[in-house]
Protein chains: 2
Amino acid sequence: MKLYSIGVGPGNKEDVTVRAARILGESPVVFVPVKKPGEKSFAYEIAREYINEEAEIVELCFPMNYDMEELNRNWKENAVIVREKLEETETGAFIVIGDVTMYSTYMYIDDAIKAEGVEVELVPGITSYSKVASLLGLPLAKWEEGLAIVPASRDSDFDLDEIFEKFQNIVVMKPSHNPDNIVKNLKKHNLEDKFSLIYKAGTEEQKVYTKIEEIENKIPYLSTMLVKKK
Amino acid sequence: MKLYSIGVGPGNKEDVTVRAARILGESPVVFVPVKKPGEKSFAYEIAREYINEEAEIVELCFPMNYDMEELNRNWKENAVIVREKLEETETGAFIVIGDVTMYSTYMYIDDAIKAEGVEVELVPGITSYSKVASLLGLPLAKWEEGLAIVPASRDSDFDLDEIFEKFQNIVVMKPSHNPDNIVKNLKKHNLEDKFSLIYKAGTEEQKVYTKIEEIENKIPYLSTMLVKKK
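Under an unreviewed UniProt entry, chain A has the name Precorrin-2/cobalt-factor-2 C20-methyltransferase and belongs to Dethiosulfatibacter aminovorans DSM 17477. Looking at the Sequence similarities (unreviewed entry) heading of the UniProt record, one finds this comment for chain A: "Belongs to the precorrin methyltransferase family." In the Pathway (unreviewed entry) part of its UniProt record, chain A is described as follows: "Cofactor biosynthesis; adenosylcobalamin biosynthesis."

Draft legend 1. Fine view of the nonpolar core. Counting 44 residues, the largest nonpolar core has Leu 186 of chain A together with Leu 186 of chain B as its most contacted members. Apart from residues no more than four positions distant in its own chain, Leu 186 of chain B is found in contact with Phe 164, Leu 191, Glu 192, Phe 195, Ile 212, Ile 215, Met 225 and Val 227 of chain B.

Draft legend 2. Quick peek at the domain arrangement of chain A. Residue and element names in this part refer to chain A. Taken domain by domain, chain A holds domain 1 (2-123) and domain 2 (128-228). Distance between the C-alpha centres of domain 1 and domain 2: 27 Å. If you look at the interface, domain 1 gives 11 residues, while domain 2 gives 15 residues. Contact with domain 2 buries surface across domain 1, with Pro 10, Phe 42 and Tyr 103 losing the most and accounting together for 47% of the total. Our enumeration of links across domain 1 and domain 2 arrives at one salt bridge. Taking the shortest distance from any N to any O, the salt bridge between Asp 15 and Lys 131 comes out at 2.7 Å. Here domain 1 and domain 2 share three residue pairs in polar contact (both at pLDDT 80 or more) between them.

Draft legend 3. Just the relation of the copies chain A and chain B, in detail. Between the two copies, chain A and chain B, the superposition gives an RMSD of 0.0 Å; the rotation angle is 180° and the shift along the axis is 0.0 Å. Here the two chains are linked by the operation of a two-fold rotation axis. Residue Thr 17 of chain A of chain A places its C-alpha closer to the rotation axis than any other residue of that unit, at 1.9 Å. In this assembly, 100% of the residues forming the interface of chain A have copies in chain B that are likewise at the interface, indicating an isologous arrangement.

Draft legend 4. Expanded view of the packing of aromatic side chains. All names here are of chain A. Scanning the model with the defined rule gives 11 aromatic pairs over all chains in all. Connected via pairs of aromatic rings, a cluster forms that spans Phe 62, Phe 94 and Tyr 106. Its end group placed over the ring of Phe 42, Lys 200 keeps NZ or CZ at 4.6 Å from the ring centre.

Draft legend 5. Expanded view of unusual backbone geometry. Residue and element names in this part refer to chain A. The backbone of Asn 190 sits at a positive phi, close to 55°, despite the residue not being glycine. Mapped onto the fold, Asn 190 is located in the loop between helix H7 (179-188) and strand S8 (195-199). Of note in this structure, Leu 222 is not a glycine but carries a positive phi near 65°. Tracing the sequence through the fold places Leu 222 in the loop between helix H8 (212-215) and strand S10 (223-228). The class of Leu 222 is partly exposed, set by a relative accessible area of 28%.

Draft legend 6. Summary view of helix H1 (residues 18-26) of chain B. Within the sequence span of H1 of chain B, burial applies to Arg 19, Ala 20, Ala 21, Ile 23 and Leu 24 of chain B. Where the residues of H1 of chain B are buried, they touch helix H5 (128-136) of chain A together with strand S1 (2-7), strand S2 (29-34), helix H2 (42-47), strand S4 (91-96) and strand S5 (119-123) of chain B.

Draft legend 7. The packing of helix H3 (residues 68-89) of chain A against helix H4 (residues 105-115) of chain A, seen in detail. All names here are of chain A. Across the interface, H3 lies against H4 with an axial gap of 9 Å and an inter-helix angle of 60°. The orientation of H3 with respect to H4, classified from their angle, is oblique. For the crossing formed where H3 meets H4, the hand is right-handed. Side by side, H3 and H4 meet where Trp 75, Lys 76, Ala 79 and Val 82 of the first sit next to Tyr 108, Ile 109, Ala 112 and Ile 113 of the second.

Draft legend 8. Examining the pattern of salt bridges more closely. Under the definition given, this model contains 40 salt bridges over all chains. Two residues, Lys 85 of chain A and Glu 88 of chain A, come together in a salt bridge whose shortest N-O distance is 3.5 Å. On the criterion of helical spacing, the pair formed by Lys 85 of chain A and Glu 88 of chain A is a turn pair, its members being three residues apart in helix H3. As a salt-bridge pair, Lys 114 of chain A and Asp 110 of chain A come within 2.9 Å of each other at their nearest N and O atoms. Taken together, the residues span about one helical turn, with Lys 114 of chain A and Asp 110 of chain A both in helix H4 at a distance of four residues. Looking at Asp 110 of chain A, the relative accessible area reads 5%, which means it is buried. One continuous salt-bridge network, built from bridges that share partners, spans Glu 14, Asp 15 and Lys 131 of chain A together with Arg 19, Arg 22 and Glu 26 of chain B.

Draft legend 9. Region of interest: H4 of chain A. Residues and elements named next belong to chain A. All buried positions along H4 are accounted for by Tyr 106, Met 107, Tyr 108, Ile 109, Asp 110, Ala 112 and Ile 113. Those residues of H4 hidden inside the fold are in contact with strand S1 (2-7), H3, strand S4 (91-96) and strand S5 (119-123). Where H4 terminates, the next one or two residues include Gly 117, which has phi positive at roughly 85°.

Each value, and the rule that gives it
- Residues numbered from 1 in each chain as written.
- Chains lettered and ligands numbered in written order.
- Predicted model: local features only at pLDDT ≥ 70, side-chain atom pairs only at ≥ 80, totals over all residues.
- Heavy atoms only, no water.
- UniProt positions renumbered as here; feature names shortened; annotations may be inferred.
- Core = buried A, V, L, I, M, F, W, Y, C linked by side-chain atoms within 4.5 Å.
- Buried < 20%, exposed > 50% of the residue type's maximum accessible area, 1.4 Å probe, protein only.
- Contact = heavy atoms within 4.5 Å.
- Domains from an automatic or database assignment.
- Buried area = accessible area lost by both parts, 1.4 Å probe.
- Salt bridge = Lys/Arg side-chain N within 4 Å of Asp/Glu carboxyl O.
- Polar contact = N/O pair within 3.5 Å; in protein donor to acceptor, adjacent residues only side chain to side chain.
- Least-squares fit on C-alpha atoms with pLDDT ≥ 70 in both.
- Phe/Tyr/Trp six-rings, centres within 6.5 Å; stacked < 30°, edge-to-face > 60°.
- Lys NZ or Arg CZ within 6 Å of the ring centre and 35° of its normal.
- Helix = DSSP H or I, 4+ residues; strand = E, 2+ residues; numbered from the N terminus.
- Axes fitted to C-alpha atoms, helices over the stretch in contact; angles between N-to-C directions.
- Parallel < 35°, antiparallel > 145°, perpendicular 65-115°, else oblique.
- Left-handed = near helix turned anticlockwise from the far one by under 90°.

This is the structure we're talking about:
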């Protein structure tokens, strides 16, 4: 039994890799993570045209939840669904937005999947921040510059203050989780005109925000922020 | 006149994106950066099968050099070569390993290319560190973890000490540039068994190093280091 966990990129189907496209075409079953049953999946929209027409689509629910006990139960249940399905089909694909190694839903259930005796292969994808930088025509890093990638935490500052102080280039992932802290720190470090926020990079719905007033208290989900000091 | 600057990924041709493959198939000219004339190009090896059979391949020399005046002259010369060629062909592709936005040769000549009146579109690619993490089956970051990506500098410490102190996950790019500083800091922070170094990730020549003795004074070019504290 083998599961390919595939990053399908930030949103445009041409940013899918040749490897991901091939595996999706060969997979008899494709697992699609959703927050609630029947929810529209952005990963599925991106991957759809590469998925084998005869493949079965299996939704896996990952409810928003911060209780570790419930999360572990949910992950175990999903892993059992995957294993039972793969016992029939031998192989399958699990799709996530962006890169499977960066903040992806899949990595949370990786241990549970392996505990079910399933072999796993990770298939990397284009990250949202590589796409954002390429759309803006900016390097994420060059020469001896560093790049910090930090999540906008719900509960903590994740030292955003320190990160903005030390790094030349900063990516804030999931900025919708804490707009107040981000705006506060942009102002503190005089970076009000040094950021770009992109919503759904590379899709038809893409929007770019570069004014601080536009993001105060209202950063949309599925956006990524890039801060460059020069 | 339009130039597509394309990241062709870390080394395996299946890690090229559908977009990159399509543009390479349509480009009448492909610019290949090399250190000296006639040098074998890894980017070209990766991209070769997608390049239009009738396309002209134009080598652009970027000698190893740290004199800004000479660099600027070299970049200007290369930009003129690109512009003159695109005046004939209208469009062309410039290929680099990995992602075009991360430490790529292309971004150095971006200004000079634009100064020649050439329109540029950046095409993102899979980074070496996404590939390394996927091959190791490890997340680069999850939950509220951050990720620091830092170059191994020739002349400075780039605060590797501080980075190893503060971040859960660290990628060291171009580690061949300063093995001594890396080894020293791995030891200082008791990270001797928390790193993986991969040479030519995803290719037939791939090698993985996880023992500190193996990397003392001799980290190979085209390798990437991933450090994960847990």
